[in-house]
Amino acid sequence: MLFLRSRLAGPALVWLVAAALLAWLCLVRYDDLPLDLTTLALPLLPAVVIGVTARSPFGDAEEVASRPLPLFRVLYLAGLLVIGIALLIGAASVADIDLRLALARTLVGYTGLALLCGRVLGYRLAWLAPLAYAAVTLYLDTASRWAWPKQLPVESWSLFCGLLLGALGLLAAAQATPGDQPDDL
Amino acid sequence: MTTLRLVAIEARHNAALLLVPVILLGAWYLIDAQLWEPYLWSSTNELLRKSVVPLAGPAIAGAAAWIAGNDRRRAITDLLSTTPHPTLSRHLTRWFATAVWALLAYVVVAVYMFSRTTLHATWGGPEFWSVAIAEVALLAFAAWGYLAGYLSASRFTAPIVAVVAFSGQMFVANSMAAMGDGTQRSTWPTLLAVSNVTERSAPWQALLYAGLTFTAIAALWLAQRRDLVRGALLALAIVPVVGGVVMIWAGVPRWDYANNRLVDGWGNTIAAEEYTAPEPVCRGDDVVVCVHPQFQPWLDRAVLDAEHLVAPLRGLPGIASPVECRNIGFGTGRNDGTRVVVDGCVDQLVADESTLGQYGRIENEAQHAIGVWLLARIGGHTMCGMSVDPLDLGMGFPSESACDAGERFAVLTEAEQRDWLETHFADLRTGRLTLADLP
């Protein structure tokens, strides 16, 4: 419980629900939006929320805990990711076209980017990598291999990219982050 | 002087410094992905608008949100309130020290792009007004991010602010409305986005973003202590925002069906803007190619292509001397590079004007076949293999049979090709031949 409270799991869940509601609203109200923009933008918010919750307020002091913290970290983040995917898929069920797999793929990939960025720059800036990648992908040709977040239909390459980034991100987040300052919440 | 020193101190220890390489790398990649042509001012000005602010704005908003919440997260707001420096002044210093990194990154990109284009371009000039508007927009992004971070010091504020700023500007910039005929058209809110600024809407965009900046600062002041003066200032700060939005909306031309004229939002007639085309630049002796002066760097290559195109037809009936190529185009691409495209010249070479279709393009199959052969000689785009023109607009797509005939003609020796052309070229140009008449 202390672990979940220190990561602000409760507020994170609230924001994941809010992100899903926002996605539902966009799909219902603005159903004429380009599909590639929809798959690019909607998973961004839940991904950055998950990314910043990886931050530990205890810093290195957490490493003296008797419990296996890497496992806790992975389970916690994977659990949030699964919940985020489920909420986003639920919100996407109102769309005329089946976007569920595409949104799930992009969410996993963005979350991985956020966790990797957090490992390098600190989790307070974990949102920077998925945001920068989304901004760059906005102007890429959909056929480009780098434009996997907005490729439709979901094919093996884009799925591979999303899953790989997600796996690498979880692996990186499982490790301790000495860069975290204990006085920042 | 003291204020400047404080800004410098804040800037040196600011997390937004980390954004500078991200913004520069992102801008570099976006400019490359959109095939920037440094010899053209039109390309430089457009990409400078579209390629930096969509990333830099949300990033600086998120950074400002994080930095604004630092004091509250460290529980030192009471301690800082005992210092002699006014609270608003302290916040403004920190806000500006955060925003300045995004402003500097944008200036670096602008200086680089303007410098390269200044060295190579032959016409046009930089749009400094769009750079100014982008800088004001970045200040507005930072101001609203700072306000959000001040009001809520949670760790979620920064990422949410960044994502909302990104998504919001993306959706505004791509705002579309469905028309009755099933097509989609951009709506006027797209002009609120920095990437879509026009010379006509520029003053109002500047007013809008300046107003947004002042509104955020006024709201920040009001959040520190509520009183009538601060509330009045906030209300006053909203006026330029509303004014900017209204004037942008009003400036969008709309058609007055009752009086058959173009009007603005107030019902005033919009006069058609008189555009005086610049004097074209022409080169070539046997084949003359004329282009807009901004394409002058590619003119020599275009003349060579055109001469190679005309070479096998020289001396044939209907081929003037010199030939003045029409339908000159301009193309960019990773494979072909940037070039002046003379492919459109083929139509006037193989067809009389009387046989050309509604859009001035070839319609006769035999003419298409010879056109395919000529274009293939210079590495032009024959359009062979493209899908059939679905709306049948006569846009000059050759059929598969015509392409095959052109390829068969290319296999002949030069002597055989010349013999056939000397016998049949006059009939070819008047549209009397069919594919069966080709060898």
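Nothing here was measured: the structure is a model prediction, and the numbers come from that model.

**Here's the deal with the domain arrangement of chain B**
All names here are of chain B.
Moving on, step 1. According to the domain assignment, chain B contains domain 1 (2-263) and domain 2 (281-437).
Moving on, step 2. Each of domain 1 and domain 2 was reduced to a C-alpha centroid, and the two centroids are 49 Å apart.
Moving on, step 3. With 10 residues of domain 1 in contact, the opposing surface of domain 2 contributes 12 residues.
Moving on, step 4. Summed over both partners, the interface of domain 1 with domain 2 comes to about 930 Å²; 63% of that surface belongs to carbon and sulfur atoms.
Moving on, step 5. For the domain 1 face of the interface with domain 2, the top three residues by lost area are L35, L40 and W123, together amounting to 51%.
Moving on, step 6. Joining domain 1 to domain 2, the criterion identifies 0 salt bridges.
Moving on, step 7. Per-class residue counts for the side of domain 1 that touches domain 2 are 5 nonpolar, 3 polar and 2 charged.

**Observations regarding helix α14 (residues 365-377) of chain B**
Residues and elements named next belong to chain B.
Moving on, step 1. Here α14 is 13 residues long and its end C-alpha atoms lie 19 Å apart, about the 18 Å a rise of 1.5 Å per residue gives.
Moving on, step 2. For α14, the tally of buried residues reaches 10 of 13 residues, placing the bulk of the element in the interior.
Moving on, step 3. Along α14, the positions that sit buried rather than exposed are A366, Q367, H368, A369, I370, G371, V372, W373, L374 and L375.
Moving on, step 4. Those residues of α14 that are buried are in contact with α12 (299-310), α13 (345-350), α15 (400-411) and α16 (414-429).
Moving on, step 5. The N-capping residue of α14, defined by a side-chain oxygen 2.9 Å from the backbone nitrogen of A366, is N364.
Moving on, step 6. Remark: G379 follows α14 within two positions and exhibits a positive phi of approximately 70 degrees.

**Side note on the interface of chain A and chain B**
Buried accessible area, meaning the area lost when the parts come together, often serves as the stated size of an interface.
Moving on, step 1. Facing 34 residues of chain A, the contacting portion of chain B comprises 33 residues.
Moving on, step 2. Interface area for chain A against chain B, summed over the two sides, is near 3,300 Å², with a carbon-plus-sulfur share of 77%.
Moving on, step 3. Linking chain A with chain B are 0 salt bridges.
Moving on, step 4. Listed by contribution, the elements that provide at least two residues to the side of chain A that touches chain B are α2 (9-29), α3 (35-41), α4 (44-52) and α7 (128-138) of chain A.
Moving on, step 5. Among the elements that take part in the side of chain A that touches chain B, α7(A) stands out by supplying 7 residues, more than any other.
Moving on, step 6. Of the residues that constitute the side of chain A that touches chain B, the class distribution is 26 nonpolar, 2 polar and 6 charged.

Scoring rules and cut-offs
For every chain, the first residue of the written sequence is number 1, and numbering continues from 1 onward in sequence order. Naming scheme: in the order in which they are written, chains are lettered from A and ligands are numbered from 1. Where local features are concerned, this predicted model is filtered to residues with pLDDT of at least 70; where side-chain atom pairs are given and counted, the filter is 80 or more; whole-chain, interface and lining totals use all residues. Based on all heavy atoms of the structure, the side-chain values leave hydrogens and waters out of the count. What marks off one domain from the next here is an automatic or database domain assignment. Whether two residues are in contact is decided by their heavy atoms, any of which lying within 4.5 Å being enough. Once two parts are brought into contact, the accessible area they lose, counted with a 1.4 Å probe and summed over both, makes up the buried area. What makes a salt bridge here is a side-chain nitrogen of Lys or Arg within 4 Å of a carboxyl oxygen of Asp or Glu, nothing more. Residues are grouped as follows: nonpolar covers Ala, Val, Leu, Ile, Met, Phe, Trp, Tyr, Cys and Pro; charged covers Asp, Glu, Lys and Arg; every other residue, Gly included, is treated as polar. The numbering of helices and of strands both runs from the N terminus, where a helix is a DSSP run of H or I of at least 4 residues and a strand a run of E of at least 2. Each residue after the first adds 1.5 Å to the expected span of a helix. Exposure is judged per residue with a 1.4 Å probe applied to protein chains only, and the accessible area is read against the type maximum: over 50% gives exposed, under 20% gives buried, and values in between give partly exposed. Any pair of N or O atoms that falls within 3.5 Å is considered a polar contact. Within protein, one atom must be able to donate a hydrogen and the other to accept it, and sequence-neighbouring residues count only if both atoms are side-chain atoms.

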